[in-house]
Amino acid sequence: MESQLTILLPIAAVWLAAGVVADGLPRLRNTRMLRRRTGWLLMLALTGVALTAVVLGGGLLSAGTAPVDRAAAGLTLAAGPALVATVCSVRRIRRLWAGAGAFASAPATPAPHGLRAAAAHPLVGLPLQVTALATVPALIAAAGADLGADPGVAGPAITVGALAVIAIGVRHALRHNRFAERARPAAVTRSTRTAGALHV
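Since we're looking at a predicted model, the values are computed, not measured. (Residues numbered from 1 in each chain as written. Predicted model: local features only at pLDDT ≥ 70, side-chain atom pairs only at ≥ 80, totals over all residues. Heavy atoms only, no water.)

Draft legend 1. Main features of the overall build of the chain. Counting its secondary structure elements, the chain contains eight helices and zero strands. Start at the N end of the chain and walk to the C end: the helices and strands fall as α-α-α-α-α-α-α-α. Of all 200 residues assigned to the chain, the portion counted as buried reaches 34%. Looking at the chain alone, contacts between residues at least 24 apart form 79% of all its contacts between residues at least 6 apart. (Helix = DSSP H or I, 4+ residues; strand = E, 2+ residues; numbered from the N terminus. Buried < 20%, exposed > 50% of the residue type's maximum accessible area, 1.4 Å probe, protein only. Contact = heavy atoms within 4.5 Å.)

Structural data, given as structure tokens:
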């Protein structure tokens, strides 16, 4: 049991750190800090994907009740969000890192609302945070508690998890919309006065 927990703890820690860093990206007002934190986030996301893939692959290749098999079984719930993070989040984080790098010649430049809106996009932080949340049941099972054994506990736990995912998604969507509206160019105000005849 301890070996299984030893395998799962670093994976959960990496995904949790990635979720925390992603959540703080839109609050950064300096381009240099935005690029630096985006680089950290890219490394954390790639590390989380690599560790999850190694454990899941090890569970497929190993037959029996080895710790890696039990850890892989616990990570089954996190496989879907991790795949979404691999396909969507990593690509967006890389583009955001490159976009912030365009201001490398002027590192003190305030981060434009367009970059902050891209950092607040739900597909940047939501898959990372959902993956971190999906590792919690595996950690609880590795610690010795089985949520699925008691139907009176499993049902509320699933409901709480689903509500947490919905709340995180709504929060990301609202924040992204707020920054996207600020990034739009101001509409050109037209004069409401009718053009009259010119008098010479």
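Draft legend 2. Fine view of the side chain of glutamine 129. As for its position among the elements, glutamine 129 is in helix H6 (residues 122–134). A polar atom in the side chain of glutamine 129 sits 3.1 Å from the backbone oxygen of glycine 19. The contacts of glutamine 129, once residues within four sequence positions are left out, are Gly19, Asp23, Ile168 and His172. (Polar contact = N/O pair within 3.5 Å; in protein donor to acceptor, adjacent residues only side chain to side chain.)

Draft legend 3. Representation of the nonpolar core. Among the nonpolar cores identified, the biggest contains 33 residues, and Trp15, Leu25, Leu41, Ile93 and Leu128 are the most heavily contacted of them. Put simply, the parts of the chain that give this core at least two residues each are helix H1 (2–24), helix H2 (31–61), helix H3 (67–74), helix H4 (76–101), helix H5 (113–119), H6 and helix H7 (136–142). Looking at this core, the element that brings in the most residues is H4, giving seven residues. In contact with isoleucine 93, other than residues within four places in its own chain, are Thr38, Leu41, Leu42, Ala45, Val124 and Leu128. (Core = buried A, V, L, I, M, F, W, Y, C linked by side-chain atoms within 4.5 Å.)

Draft legend 4. Highlighting the packing of aromatic side chains. This structure, assessed with the given rule, holds zero aromatic pairs. Positioned above the aromatic ring of tryptophan 97 is the side chain of arginine 35, whose terminal nitrogen or guanidinium carbon lies 4.0 Å from the ring centre. Above the plane of the ring of phenylalanine 179 lies arginine 178, whose end atom (NZ or CZ) is 5.3 Å from the centre. (Phe/Tyr/Trp six-rings, centres within 6.5 Å; stacked < 30°, edge-to-face > 60°. Lys NZ or Arg CZ within 6 Å of the ring centre and 35° of its normal.)

Nothing here speaks to function; it is all geometry.
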